[in-house]
Amino acid sequence: VASFGPLDLNPRSPTYGCITSTPKPGWSDVDLVRPIRQAFNVPIGFDTDVNAAALAEWRWGAAQGLQSFVYLTIGTGIGGGGLINGQRMHGLIHPEMGHLRIPHDLAGDPFPGACPFHGDCLEGLASGPAFIARWGQPAETLPDDHPAWRLEAQYLSLALVNIICTLSPQRLILGGGVMQRQRLFPLIQ
Ligand SMILES: [Zn+2]
């Protein structure tokens, strides 16, 4: 079972299998695992949507054979997951890489950010909704030569540098709707 977070992933917690507090209406405290366990007599794994995508990259995709990698999705939100030394990064909670704080030059980009919690965290500056809020149109309608792409590449690069410096992954994999734009990847590189 894979879901958007935040999730309770601690098997010893009484609320294991539940979504915790989310701004998405009607989803706080919803138990995702118990109804499926009651309906099907099968083993159940439970993790974030982005960790499930990361495990799929590890099993079938761009992370095959690696012990340490990070998968980052940039779309309606930004989230990261992956493996470090062959283990998922479950600790206090699960990684919330979308909410990394990165340098924000307000003179060059006065947009205050779109994250309801932090304003100008990574997700607030570089997610799909941030495109709409900053430029008045979704990323997919902006032309290749629009300044939005260089700014987007700058923010994503700063986030990736932080991830490299803290987790030392052998590979970074970028996915999600915003990354469908071919021009973006070489700008980040
Ligand atoms: Zn945030």
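### Some details on the coordination of the zinc ion
Item 1. Donor atoms from the polypeptide that bind the zinc ion are H99 (ND1), C115 (SG), H118 (ND1) and C121 (SG), placed at 2.0 to 2.4 Å.
Item 2. For the zinc ion, the donor residues sit on a single chain with the sequence spacing H-x15-C-x2-H-x2-C. Taken together, the residues span a long stretch of sequence, with H99 in the loop between β5 (87-88) and α3 (122-126) and H118 in the loop between β5 and α3 at a distance of 19 residues.
Item 3. In this structure H118 comes out as partly exposed when scored by relative accessible area, which is 31%.

### Regarding the sheet that holds strand β3 (residues 69-74)
Item 1. An order of β5-β4-β3-β6 is seen for the four strands of this open sheet, with the pairing classed as mixed. The sheet is open, and its two edges are formed by β5 and β6 (171-175), each paired on a single side.
Item 2. Inspection of the sheet shows strand β4 (residues 78-84) paired to β5 by two bridges, in the antiparallel sense. Across the sheet, I84 pairs through a bridge with Q87, a residue of β5.
Item 3. Helix α2 (residues 49-60) contacts β3, β4, β5 and β6 of the sheet and is inclined by roughly 45° relative to β4.

### Notes on the pairing of β4
Item 1. Across the seven residues of β4, seven count as buried, placing the element largely inside the fold.
Item 2. Of the two faces of β4, both are covered, the one formed by I78, G80, G82 and I84 as well as the one formed by G79, G81 and L83.
Item 3. One ladder, built from six bridges, connects β3 with β4; its direction is antiparallel. In the sheet register, F69 faces β4, and the bridge partner there is L83.
Item 4. The hairpin formed by β3 and β4 contains three residues between the paired strands.
Item 5. Counting the residues in the hairpin turn of β4 and β5 gives two residues, including N85, whose phi is positive at 50°.

### Some points on a nonpolar patch on the surface
Item 1. A contiguous nonpolar surface patch, about 330 Å² in accessible area, is contributed by V1, I36, F40 and V42.
Item 2. Judged by its relative accessible area of 47%, V42 is partly exposed.

Rules and cut-offs
Residues numbered from 1 in each chain as written. Predicted model: local features only at pLDDT ≥ 70, side-chain atom pairs only at ≥ 80, totals over all residues. Heavy atoms only, no water. Donors = N, O, S within 2.8 Å, 3.2 Å for Na, K, Ca; no water. Helix = DSSP H or I, 4+ residues; strand = E, 2+ residues; numbered from the N terminus. Buried < 20%, exposed > 50% of the residue type's maximum accessible area, 1.4 Å probe, protein only. Pairing = 2+ DSSP bridges. Contact = heavy atoms within 4.5 Å. Axes fitted to C-alpha atoms, helices over the stretch in contact; angles between N-to-C directions. Patch = residues over 30% accessible without salt bridge, like charges linked within 9 Å, V, L, I, M, F, W, Y side chains within 5 Å. Areas by Shrake-Rupley, 256 points an atom, 1.4 Å probe, with all protein chains shown as cover. Salt bridge = Lys/Arg side-chain N within 4 Å of Asp/Glu carboxyl O.

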